[in-house]
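Reading the structure
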Amino acid sequence: MNSGIQNIVISLGAMQVARRIPFDDPEVLNYVRIGYVTSQAIIMGVYFYVSYKVRQKNDQTVLKYVDSPNPMSADSGGLVTTTVRDYDLSETSKLLRAAYFGIAMMAFFHLYMKYTQPLFIQALMGLKNLYDAKPVAIHVLGKPAEGDLKRPFKAASMFGAAAGPQTDSASITEAEKKIGARRRIRTSILYILLP
């Protein structure tokens, strides 16, 4: 089953279970808070452990790909040359930022808006997302980096094929030609402008 569909099913199931939990009872609420904090501590600990393992392995294999263009950014979609180590560290950093953002949102919803059900739901979803994280699958669970786990990772889509960076040699060659053409244009302009 697709990860996006699994997230929806787990969220809906967790909402049904959360309806039956008596959050009005202070003792139950404290247990749910402890569960949420524990799940977030586990998530952060695993992500920091993944970062440690990536640095320890120090895989300097060169990774070239053409990044998929982002409609919100003007300079995305170009050729990316990096190492496996740096790529895995950047992916783990993205996961950490997503976890920090989730914690900030839960702090707002729970402390300011006084919502309690999202604590339970997000504790479960956080652990599910931890299991689905590709760097965790490679560096903690020991799965080989092939198929869906092949770098660069493709973003899963609920509606069909996964979209992501292009790794075929034709796309990489075309991106290298574009970069070379831009450099030639820039140097030509500099020669014209500078006496």
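The following refers to the structure shown. (Residues numbered from 1 in each chain as written. Predicted model: local features only at pLDDT ≥ 70, side-chain atom pairs only at ≥ 80, totals over all residues. Heavy atoms only, no water.)

Before going further, it helps to examine helix H3 (residues 84-112). Along its 29 residues, H3 runs 41 Å from first to last C-alpha, staying within 8% of the 42 Å computed at 1.5 Å per residue. The complete set of buried residues in H3 reads Val84, Tyr87, Asp88, Leu89, Glu91, Thr92, Leu96, Ala99, Met106 and His110. Where the residues of H3 are buried, they touch helix H2 (26-57), strand S1 (62-66), strand S2 (79-83), helix H4 (117-132) and helix H5 (134-139). Following H3 by one or two positions, Lys114 adopts a phi angle in the positive range, close to 65 degrees. (Helix = DSSP H or I, 4+ residues; strand = E, 2+ residues; numbered from the N terminus. Expected span 1.5 Å × (residues − 1). Buried < 20%, exposed > 50% of the residue type's maximum accessible area, 1.4 Å probe, protein only. Contact = heavy atoms within 4.5 Å.)

So, on to the nonpolar core. With 11 residues, the main nonpolar core is built from Ile43, Met44, Tyr47, Val50, Val54, Leu89, Leu96, Ala99, Leu130, Ala133 and Val136. Of all the secondary-structure elements, those providing two or more residues to this core are H2 and H3. Broken down by element, the residue count for this core peaks at 5 residues, all from H2. By size, the runner-up hydrophobic cluster in this structure holds 8 residues, among which are Ala18, Val32, Tyr36 and Ala123. (Core = buried A, V, L, I, M, F, W, Y, C linked by side-chain atoms within 4.5 Å.)

Two numbers describe how helix H1 (residues 3-20) lies on H4: the axes approach to 9 Å, and their chain directions differ by 150 degrees. Classified by the interaxial angle, the pair formed by H1 and H4 is roughly antiparallel. Seen along the crossing, H1 lies across H4 with a hand that is right-handed. Between H1 and H4, the residues in contact are Ser3, Gln6, Asn7, Ile10, Ser11, Ala14, Met15, Val17, Ala18 and Arg19 and Gln117, Phe120, Ile121, Leu124, Met125, Lys128, Asn129 and Asp132, respectively. (Axes fitted to C-alpha atoms, helices over the stretch in contact; angles between N-to-C directions. Parallel < 35°, antiparallel > 145°, perpendicular 65-115°, else oblique. Left-handed = near helix turned anticlockwise from the far one by under 90°.)

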